[in-house]
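# An overview of the molecular structure
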Amino acid sequence: MGIVADIQLAVHQQIKALYQTDFPAGSVLVNETKPEFEGDYTVVLFALVKPLKKSPEGLGQELGTQLVKAHPELFTAFNVIKGFLNLSISEAYWLQFLDNNAGKADYGYHPSNGQKLMVEYSSPNTNKPLHLGHLRNNFLGWSIAEIAKATGFDVVKTCIVNDRGVHICKSMLAWERFGNGATPESTGIKGDHFVGDYYVKFENLLKEQAAPILDKLLSGDTSDVDAGELPKLTAILSKLPELSGDKKKEAEDEVKEIARNSTEAMRAVRQMLIKWEQGDLAVMSLWEKMNSWVYAGFNETYQRIGSDFDKTYYESNTYLLGKDLVESGLEKGVFYAKEDGSVWIDLTADGLDEKIVRRKDGTSVYITQDIGLAVQKQEEYQCDQSIYVVGDEQNYHFKVLKLIAQKLQLPAADGIYHLSYGMVELPTGKMKSREGTVVDADDLINEMVKISAAKTEELGKVKDFNEAELAELYDTLGLGALKFFLLRVDPKKKMLFNPEESIEFQGFTGPFIQYTHARIKSILRKEAANFETGSANSGGLFPLEKAVITLAEQFPAIIAQAGVEHNPSVIAGYIFKVAQSFNSFYTEHSVMNAESAEKKQLRLKLAAITSRIIATGMKLLGIRVPERM
């Protein structure tokens, strides 16, 4: 147990002894004492006042007196301010904590809880390389999985690859027309970038073909438009002169999309997709070849950033899943059929709307496929929880997914959790892949490594490193800066990524924490021969020593909090505070020239547990820490 749990248990025991009332220990609210008041931890009394029929002041005095008397090993003093009981923790408690944990390799980790958890992340499309948004997704997914392991879960990491559909057919068509047999090998271009280049070529062709059609549509000539689109187009064009502002822009965008869909290029893409669905040998062969190029590129990037998966699913194998569930849902009355043969679910009573689950032609929609895949994953792994790491533009989709799964009474439907995260933006604005202006993950990582090299050389502290060691250090710092910057923000928030800011050696950055770790490891190397594992007897803790210990004690609770919230930023913020606290302590107090041998041992233990927490915390974020800098 940690200090908060120890306080809760002590309060529970003394309430029972004093008032013969069995108030649950877990219901006792305990916070850190505010800096302006005396004490270490505060028991909030308001929830106890009514059931115990006591005034806050009277209850605080009675309970505080009893706690200090019954638990002298834990409490040394107390004071009461209104409804808050401030408790001073015994120095012996902190020293015992340090003795017990300074040398523990697994400090912070929790025992197995017997539950299994799945994290699905990355989910790339096979028509382009991974980009900055994918990096946030990968870093979040990997870190959440590792944090779940640290809190006792058996974890399965999965990825669903969107390897079929219009998007990949666009790249395929462009390669057929403009590729002249080129390959990644013949051009020296990484496979995913190679295929992505043809996606951009297709979009350029599409723009060229769509422009004259759009002009004709706006002048009233609809001869290029398919009959099925005409009613919609006619309705939009008739309203367009009356619209203004956002409504007008929306209508114009719809007309542009109709123009795009009316091009020869898009007709050819749709025909290619039909051939793919029919199993046309030539189309399937090209599809397999181009996807293989992309996978080789993805794997190289995944290896570079440390992402890994226990199981990869492919949409080409899963897009037909869920059809049986539609029939089951109709039988149960969860779904209903319309006159045209399409099948729907009515979610208006749940605050949503009606949602189609099967088209009138019998084909399934994305939500049906996702439910079918959820069933397959559950059959394969029997997970208690299933976390989907997907951007916040899919919030509605996952609300519907969970509701349908619950209404169909599918196993573990209640365990579905959408980890919704905000998009990453750049100082220049949002990223767009159609225009080819997206920030590629590979390019960004290389740039980060270059910046880390320049910044490190400015400090001039790496002259004794050989070339291989420098390359490893720059990679560690560059990737660490990138990961930390993307993970230090609450996942739910949108964020602005600034490469230069992320790699500073001062402030709330990865390199600051990495440098602190290297600094501590240098101390421990120099004093390795003098480090004893016996009891830490300090002769009185200085405030900055105590600050390091009290913060270190919170590590298991911080990991647990990050696990419950599925939020790596909790750990990022905490290890930054740990690094700050140690640096403040080390600025004022020498380790090597401590006032006494006892103080030296105490401070070496402070250094040991701090370096362990930083290394473990950063590892849970997927970040390496250097032993020296």
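Treat the numbers as computed from the prediction; the structure is a model and nothing was measured. (Residues numbered from 1 in each chain as written. Predicted model: local features only at pLDDT ≥ 70, side-chain atom pairs only at ≥ 80, totals over all residues. Heavy atoms only, no water.)

## Some points on the sheet that holds strand β12 (residues 416–421)
Note the threshold: Pairs of strands are assigned from DSSP output, requiring at least two bridges between the strands. Secondary structure counts use DSSP, requiring at least four H or I residues in a row for a helix and at least two E residues in a row for a strand, with both numbered from the N terminus. In this description, a line fitted to the C-alpha atoms serves as the axis of each element, helices being fitted only across the stretch in contact, and the angle between N-to-C directions of two axes falls anywhere from 0 to 180 degrees. For this analysis, residues touch if any pair of their heavy atoms sits within 4.5 Å.
Taking strand neighbours across the sheet as the criterion, the five strands line up as β7-β6-β5-β11-β12 in an open arrangement whose pairing is parallel. Of all the strands in the sheet, just β7 (311–314) and β12 have a single pairing partner and so form its edges. Averaged over all neighbouring strand pairs, the angle between strand axes comes to 25 degrees, with direction disregarded. Bridging between strand β11 (residues 385–391) and β12 involves six bridges; their strand directions are parallel. Residue pairing in the sheet places valine 389 in a bridge with leucine 419 of β12. Relative to strand β6 (residues 154–161), helix α5 (residues 132–150) is tilted by about 160 degrees, and along the sheet it contacts β5 (116–120), β6, β11 and β12. Helix α16 (residues 395–407) rests against β11 and β12 of the sheet, and its axis sits at about 175 degrees to β12.

## Regarding helix α22 (residues 555–565)
Note: α-helices contain 3.6 residues per turn, so residues at a spacing of three or four share the same orientation. We apply this condition: Only protein chains enter the area calculation, which uses a 1.4 Å probe; residues under 20% of their type maximum are buried, those over 50% are exposed, and those in between are partly exposed. This arc is taken over the directions from the axis of the helix to the C-beta atoms.
Buried within α22 we find Phe555, Ile558, Ile559, Ala562 and Gly563. Down the axis of α22, the buried side of the element spans an arc of 135 degrees, and every buried residue falls inside it. Of the exposed residues in α22, the ones pointing more than 90 degrees away from its buried face are Ala557 and Val564. Next to the buried residues of α22 lie α5, α21 (543–553), α23 (569–588) and α24 (597–620).

## What about unusual backbone geometry?
The backbone phi angle of alanine 412 is positive, close to 60 degrees, even though this residue is not glycine. Overall, the relative accessible area of 31% leaves alanine 412 in the partly exposed class. Positive phi values are uncommon outside glycine, yet histidine 566 reaches one of about 50 degrees. Counting through the fold element by element, histidine 566 comes out in the loop between α22 and α23.

## Concerning empty space enclosed by the protein
Keep this limit in mind: Think of a 1 Å grid over just the protein atoms. A cavity is a set of points where a 1.4 Å probe fits yet cannot get out, a pocket is an open set with protein on both sides within 12 Å along at least five of seven lines, and lining residues have an atom within 4 Å of a point. Grid points are joined across faces, edges and corners, and a volume is the space filled by probe spheres set on the points. Side-chain classes follow a simple rule in which Ala, Val, Leu, Ile, Met, Phe, Trp, Tyr, Cys and Pro form the nonpolar group, Asp, Glu, Lys and Arg form the charged group, and the remainder, Gly included, forms the polar group.
Counted by the stated rule, this structure contains four cavities of 30 Å³ or more. The space that makes up the largest cavity amounts to roughly 50 Å³. Around the largest cavity, the lining residues are Asn138, Phe139, Trp142, Ser143, Ile305, Gly306, Ser307, Lys483, Leu621 and Gly622. Ranked by residue count, the leading element in the lining of the largest cavity is α5, at four residues. Split by residue class, the lining of the largest cavity holds four nonpolar, five polar and one charged.

## Description of the confidence of the model for the protein
Let me state the cut-off plainly: A score between 0 and 100, pLDDT records how confident the predictor is in each residue.
With 97% of its residues at a pLDDT of 70 or more, the protein has an overall mean of 92. Least confident of the elements in the protein is helix α19 (residues 499–502), whose mean pLDDT is 80; most confident is β5, at 98. Below a pLDDT of 50 lies the segment residues 431–436, which in the model reaches 19 contacts outside its immediate sequence neighbourhood of four places, other chains included.

## Let's talk about the environment of isoleucine 559
Its location among the elements puts isoleucine 559 in helix α22. Its relative accessible area of 0% is what places isoleucine 559 among the buried residues. Each C-alpha atom, one on isoleucine 559 and one on aspartate 490, is 15 Å from the other, the two residues being 69 residues apart in sequence. Residues within four places of isoleucine 559 in sequence aside, it is in contact with Gly108, His110, Ile147, Ala150, Thr151, Ile571 and Leu620.

## As for the layout of surface pockets
Where empty space is left can be seen by rolling a probe of water-molecule size over the atoms. In this structure, the second largest pocket occupies an estimated 830 Å³ of space. Lining the second largest pocket are 31 residues, and of these Gly2, Ile3, Glu553, Gln554 and Ala557 lie nearest its centre. Listing elements by their share of the lining of the second largest pocket, those giving two or more residues are α1 (3–19), β1 (30–32), α4 (91–101), α22 and α23. Of the residues assigned to the lining of the second largest pocket, the class counts are 17 nonpolar, nine polar and five charged.

## Looking at the sheet that holds strand β9 (residues 343–346)
Spatially, three strands are ordered β8-β9-β10 in an open sheet, and the strand pairing comes out antiparallel. In this open sheet, the two edge strands, each paired with only one partner strand, are β8 (336–337) and β10 (354–358). Direction of pairing for β8 relative to β9: antiparallel, over a ladder of two bridges. By the bridge assignment for β9, alanine 337 is matched with valine 343.

## Examining the nonpolar core
Where we set the bar: Side-chain atoms within 4.5 Å link the members of a nonpolar core, which is a set of buried Ala, Val, Leu, Ile, Met, Phe, Trp, Tyr and Cys residues.
Counting 140 residues, the largest nonpolar core has Ile7, Leu482 and Phe497 as its most contacted members. Dropping the residues within four chain positions of it, isoleucine 7 is found in contact with Val30, Tyr41, Val43, Phe75, Leu87 and Ile89. Judged by nonpolar contacts, the second largest core, of 24 residues, contains Ala374, Val400, Leu401 and Leu408.

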